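Geometric and topological summary
Each chain, written out:
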Amino acid sequence: MDWEERYADRMGWVRSLEIMDLIRLMSQRPLINFAAGLPDPAGFPVEALKDAADEVLTDDWRSALQYSEPEGYRPLRDWVAADLTRRGVPTSTDQVLIVSGSQQGIDLVARAFLQPGSVLLTEDPTYLSALPIFRSFGVEMSPLAMDDGGLDPDAAGAAMRQPGVKLLYTMANHHNPSGTTLSDDRRRPLLEHAAETGVPILVDEAYLDLRYEPGEPAPLAAAAPEIPILTVGTFSKTVAPAMRVAWLAGPAPVIERIGILKQLTDLHANPFTQRVVHRFLSAGHLPAQVDRLRSLYRGKRDVFLRALERNFGGRATWSRPAGGMFLMLRLPPEQSGTALLEKALEHGVAYVPGSLFYPSGDGENTMRLCFVSASAADIDEGVARLAQVVWS
Ligand SMILES: Cc1ncc(COP(=O)(O)O)c(C=O)c1O
């Protein structure tokens, strides 16, 4: 049977990213890896998770190991609703769906709102692994330029008024890949454009809590809580990605419908890890855990920025993220992040070419660098190697 032909209509668009395959292959030998967006395992709260898992398997194993409610473990939904409310987004439990990673949240929202020919507005650059989701629905991507303050709300508003626009996907805090945070004065106008045009916004708050500058980060939705938007958040970055515990919040009727879609996909998120995460949260561990991650990652960011200054100062520019896990290095225009990758891998250092993150096809002279995974010594060595690759 010719499988290619059989699935061409539905899966013709599915391709692995050859560059990521190359990085994976090369990662099998020792490599300083600025490519993968992996949290530092030193930040995993192992002891608290051991206790939580033990308690769940002692007191609540019947439910934890059983099929479960499609919308998620109710006490965890209560916790998320209360947390959003505390952060200025009044939310009730029926406005929260627990999902198996925010990746699934993005996929479900795309399934709910997009079809072939729909226009999707997204930042340029945007989250690499959201792009194939949107492409899988045959959408037309309409990229919006960003500057150091994020999206221009009026340009986004004008784009929302174009025919066929069905969704805007944005990362307002500690953007992946650019590290940018949407400035305060742009938030309310962006949401007002959404309210006026009726274009739904999906805001991805994956990195909300990973902030290294003073001041508590606010979810985008808090800028105008009376304007309904969809927010996806995750415990992958603050607790551990292997839990696959994340949430989607928004208007109750939308959440209910998307909950039905989720049920078709995987019945429900993992009841065991949902309970473990809930015990962790209700034992009050999160604030100390977030503080610990902030100080660990702030230190690494600063080491990275100093290494860039030493090796690239005056010859390239880069973002200075207030939070998150990534920054973008912008080389002179004649340089290509794609073309340099193989040489970088030969020198034992990996990154992701920035152009992959740009739906517009721009960003050829950029590299996305993850600053949290490598040790401080490896950051110094890896950035020096990168400079050799670029300048020699
Ligand atoms: C911006 C963004 N959104 C969503 C995700 C998916 O995270 P998870 O599915 O683990 O919640 C990631 C992971 O790197 C991300 O960077």
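Our subject is the structure that appears above.
Residues numbered from 1 in each chain as written. Predicted model: local features only at pLDDT ≥ 70, side-chain atom pairs only at ≥ 80, totals over all residues. Heavy atoms only, no water.

**Some points on unusual backbone geometry**
Here the bond from D124 into P125 is cis, since omega is 15 degrees, no more than 30 degrees from zero. Mapped onto the elements of the fold, P125 is located in the loop between β3 (119-124) and α7 (131-136). The omega torsion of the bond from N176 to P177 falls at 20 degrees, within 30 degrees of zero and hence cis. Here P177 is to be found in the loop between β6 (165-170) and α9 (184-197). Positive phi, close to 65 degrees, is recorded for L267, a residue that is not glycine. Tracing the backbone shows L267 in the loop between α10 (252-266) and α11 (271-282). (Helix = DSSP H or I, 4+ residues; strand = E, 2+ residues; numbered from the N terminus.)

**Let's talk about empty space enclosed by the protein**
Using the criterion set out here, one finds 2 cavities of 30 Å³ or more in the structure. The calculated volume of the largest cavity comes to roughly 200 Å³. What lines the largest cavity is a set of 17 residues, and nearest its centre among them are D83, R87, D209, T234 and W247. Counting residues per element, the ones that place at least two in the lining of the largest cavity are α5 (74-86) and β8 (230-234). Tallied by class, residues from the lining of the largest cavity come to 10 nonpolar, 3 polar and 4 charged. Of the volumes computed, that of the second largest cavity is approximately 40 Å³. Around the second largest cavity sit E123, M146, G150, L151, T170, M171, A172, H175, T180, T181 and L182, which together line it. (1 Å grid on protein atoms, 1.4 Å probe; cavity = no way out; pocket = protein on both sides within 12 Å on 5 of 7 lines; lining within 4 Å. Points joined across faces, edges and corners; volume = space filled by probe spheres on them. Nonpolar A, V, L, I, M, F, W, Y, C, P; charged D, E, K, R; others polar.)

**Overview of α9**
Counting along an α-helix, one turn takes 3.6 residues, and residues three or four places apart therefore face a common direction. Taken together, the buried positions of α9 are occupied by R186, R187, L190, L191, H193 and A194. For α9, the buried positions fall inside an angular range of 150 degrees around the axis, keeping them on one side. Opposite the buried face of α9, by more than 90 degrees, sit the exposed residues D185 and E196. In this structure, the buried residues of α9 make contact with β4 (140-147), β5 (150-151), α8 (153-160), β6 and β7 (201-204). With its phi angle positive at about 75 degrees, G198 sits one or two positions after the end of α9. (Buried < 20%, exposed > 50% of the residue type's maximum accessible area, 1.4 Å probe, protein only. Arc of directions from axis to C-beta. Contact = heavy atoms within 4.5 Å.)

**A short note on helix α13 (residues 337-346)**
For α13, every residue scored as buried is listed here: G337, L340, L341, A344 and L345. Relative to the axis of α13, the buried residues are bounded by an arc of 140 degrees and lie together on one face. For α13, the exposed residues lying more than 90 degrees away from the buried face are A339, E342 and E346. Sitting at the head of α13, S336 places a side-chain oxygen 3.3 Å from the backbone nitrogen of T338. A positive phi of about 75 degrees marks G348, the residue just after α13. (Polar contact = N/O pair within 3.5 Å; in protein donor to acceptor, adjacent residues only side chain to side chain.)

**Topic: the sheet that holds strand β14 (residues 366-370)**
An order of β10-β11-β14-β13 is seen for the 4 strands of this open sheet, with the pairing classed as antiparallel. The sheet terminates laterally at β10 (317-318) and β13 (352-353), the two strands that pair on one side only. With 2 bridges connecting them, β10 and strand β11 (residues 326-330) associate as antiparallel partners. By the bridge assignment, T317 is partnered in β11 with R330. (Pairing = 2+ DSSP bridges.)

**Focus on the layout of surface pockets**
Within this model, the second largest pocket holds a volume of roughly 360 Å³. Taken together, 18 residues make up the lining of the second largest pocket; nearest its centre are D147, D148, S178, T180 and R330. Put simply, the parts of the chain that give the lining of the second largest pocket at least two residues each are β4 and β11. In terms of residue count, β4 provides more of the lining of the second largest pocket than any other element does, 3 residues in total.

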